[in-house]
Amino acid sequence: MPSAKTFALANLKGGCGKSTLALNLAAGLAQRGSVALLDADPQGALQHWSQWAAGDVSAGMEVHAGSTVERLDELASRFDYVVVDCPPSVDMNITGRFLKRVDQALIPVLPSPLDLWASSSASQAIDKARGSNPGLKAWLLLNQVEDKSALSRAMSQVLGQMPLPILQSTVKRRAVFRLAMLEGKSVYQLGPRARDAVQEIESILQEVL
Amino acid sequence: MSKNTLQDKLKASIQSPAATRPRTTRTAAAKTASESKPVEAVAPAPAPAAKPAKPAEPKKIYLNDDRVWPD
C-alpha cells in the first residue's frame with residue numbers, strides 16, 4: 001500500500017514553470033526524506049536534467065520516467081515523497097489520472113491573463129478528479145512574480161477570488177532557477193546566491209506539508 | 001493604469017471575454033456569413049506552366065536615323 005506523500009505539479013497550460021518547481025520542491029523534500037521525482041511529461045525535461053546533473057542530484061532524490069499511476073504507486077511504496085511533473089494540456093488524460101491518485105496538486109500560474117484563463121480549466125479538472133479522489137488538496141501557486149509589477153499584484157488579488165485556494169507563498173522570477181538547471185543542480189545546491197529562492201521553496205513546503 | 005482597473009479587467013476577462021471585449025474588426029453580418037460557410041477542401045494550385053521562350057525582338061528600323069537602315 002503506498003505510504004508516501006504524493007504531489008502533482010499540474011496545469012493545462014504549458015510554460016508555467018511546472019518542471020522547475022517540481023525539481024526544486026523535490027530537492028526541498030529531499031531535506032526531509034527520500035524523494036522520487038516522476039517525470040510524466042513527454043518532453044522529458046527532468047530526465048534530461050538528471051542526465052546532465054549526472055551524480056550531482058540531491059542526496060535522497062531519484063528521477064524516474066513514467067506516465068502511469070502504477071508507476072506512481074510503485075514509487076510511493078519505496079519513497080517518503082513522490083513529486084509528479086505532469087504533462088501540459090495535450091496530455092490531459094495523463095494529468096487527470098494522476099490527479100485522481102495524488103494527495104496534493106500544485107497548479108503554477110504565471111502573472112498573465114493567459115494563465116488566469118487556464119486556471120479556470122484547472123479548477124474544473126480538480127473538481128472532476130475529486131469525484132474519485134475526494135481527499136485531493138489543490139492550490140494555485142503564483143509563479144515568476146515580477147517585482148514592482150502592477151499586473152503581478154493584480155493577478156494575486158484576482159487569483160485569491162478563484163474557486164481554488166491560492167498559496168500565500170509565491171515564487172519570484174529569478175535567474176537563479178534557470179542557472180541551477182544549467183548547472184545540473186537544484187537551487188539548494190547553489191549556496192548563498194540562491195538563498196532567497198530556497199526560502200521561497202521552503203515557504204511553499206511549509207504551507208503544504 | 002490603476003490597480004483597480006487591472007483587477008477589474010482581469011476579472012471581466014474570466015467571466016465573459018466576448019461581452020467585455022467587443023469585436024471591432026468584423027461586423028455581425030460578416031461573422032455570421034463566414035462562420036456559416038462550409039469549409040471546402042482546396043485543391044493545390046497547379047504548378048505554373050513553363051514560360052515560353054521570348055521571341056527574338058524584330059530588328060528595329062529607324063527611317064530618320066542612321067543607326068539601322070532597311071535592307
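About the criteria used
- Sequence order sets the numbering: in each chain, residues are counted from 1 along the sequence as written.
- Lettering of chains starts at A and numbering of ligands starts at 1, both following the order in which they are written.
- Local features in this predicted model are restricted to residues whose pLDDT is 70 or higher, and side-chain atom pairs enter the listing and the counts only when it is 80 or higher, whereas totals over whole chains, interfaces and linings include all residues.
- Helix and strand assignments come from DSSP, with helices taken as H or I runs of at least 4 residues and strands as E runs of at least 2, each series counted from the N terminus.
- Residues are called buried when their C-beta atom has 20 or more other C-beta atoms within 10 Å, exposed when it has 12 or fewer, and partly exposed otherwise; all C-beta atoms are positioned from the backbone.
- Note on method: axes are straight lines fitted to C-alpha atoms, helices fitted across the in-contact stretch only, with angles between N-to-C directions ranging 0 to 180 degrees.
- Comment on the angle field: the value is read as roughly parallel under 35 degrees, roughly antiparallel over 145, roughly perpendicular from 65 to 115, and oblique elsewhere.
- Helix crossings fall into two classes, left-handed where the near helix is turned counterclockwise from the far one by less than a right angle and right-handed where it is turned clockwise.
- C-beta atoms are placed from the backbone for every residue, and two residues are taken to be in contact when these atoms lie within 7 Å.
- Side-chain classes follow a simple rule in which Ala, Val, Leu, Ile, Met, Phe, Trp, Tyr, Cys and Pro form the nonpolar group, Asp, Glu, Lys and Arg form the charged group, and the remainder, Gly included, forms the polar group.
- We define a nonpolar core as a collection of buried residues of the types Ala, Val, Leu, Ile, Met, Phe, Trp, Tyr and Cys that are connected via C-beta atoms lying within 7 Å of each other.
- pLDDT measures how confident the predictor is about each residue, on a scale from 0 to 100.

**Focus on the overall build of chain B**
1) Next: Assigned secondary structure in chain B consists of three helices and zero strands.
2) Next: Put simply, chain B runs from its N terminus to its C terminus through helices and strands in the order α-α-α.
3) Next: The buried share among the 71 residues of chain B stands at 1%.

**A few points about the environment of B:K54**
Residue and element names in this part refer to chain B.
1) Next: Within the secondary structure, K54 is located in the segment after α3 (28–36).
2) Next: Judged by local crowding, K54 falls into the exposed class, with 6 C-beta atoms found within 10 Å.
3) Next: It is 67 Å that separates the C-alpha atoms of K54 and D8, two residues lying 46 residues apart in sequence.

**Structural notes on unusual backbone geometry**
Residues and elements named next belong to chain A.
1) Next: Unlike most non-glycine residues, Q144 shows phi in positive territory, near 55°.
2) Next: Inspection of the secondary structure assignment puts Q144 in the loop between β6 (137–142) and α6 (150–159).
3) Next: Unlike most non-glycine residues, K148 shows phi in positive territory, near 60°.
4) Next: If you trace the backbone, K148 turns up in the loop between β6 and α6.
5) Next: With 6 C-beta atoms counted inside 10 Å, the residue K148 sits in the exposed group.

**A word on the packing of helix α1 (residues 18–29) of chain A against helix α2 (residues 45–53) of chain A**
All names here are of chain A.
1) Next: At a minimum axis separation of 10 Å, α1 and α2 run at an interaxial angle of 50°. Relative to α2, the element α1 lies oblique. The crossing of α1 and α2 is right-handed. Contact residues: S19, A22 and L23 in α1; A45, L46 and W49 in α2.
2) Next: Among the residues forming the contact of α1 with α2, the class breakdown is five nonpolar, one polar and no charged.

**Looking at the nonpolar core**
All names here are of chain A.
1) Next: Counting 69 residues, the largest nonpolar core has A8, A26, V35, L37, V82, V83 and V84 as its most contacted members.
2) Next: At seven residues, the largest contribution of residues to this core is made by α1.
3) Next: Not counting residues up to four positions away in its chain, the partners in contact with V83 are F7, L9, A22, L25, A26, L29, V35, L37 and L38.

**A short note on the packing of α1(A) against helix α8 (residues 195–208) of chain A**
Residue and element names in this part refer to chain A.
1) Next: Where α1 meets α8, the axes come as close as 10 Å, and the angle between the chain directions of the two elements is 75°. The angle between α1 and α8 places the two elements in the roughly perpendicular class. Contacts between α1 and α8 involve N24, L25, G28 and L29 from the first element and I201, E202, I204 and L205 from the second.

**As for the confidence of the model for chain B**
Residues and elements named next belong to chain B.
1) Next: Here chain B shows a mean pLDDT of 62. Residues at 70 or above account for 23%.
2) Next: Looking over chain B, one finds the lowest element-wise mean pLDDT in helix α2 (residues 17–20), namely 48, and the highest in helix α1 (residues 3–15), namely 82.
3) Next: Both scores are given for the predicted complex: the pTM is 0.77, the ipTM 0.74.

**A look at the environment of A:A59**
1) Next: Inspection of the secondary structure puts A:A59 in the loop between α2 and β3 (61–65).
2) Next: Along the primary structure A:A59 and A:I201 are separated by 142 residues, whereas in three dimensions their C-alpha atoms are 17 Å apart.

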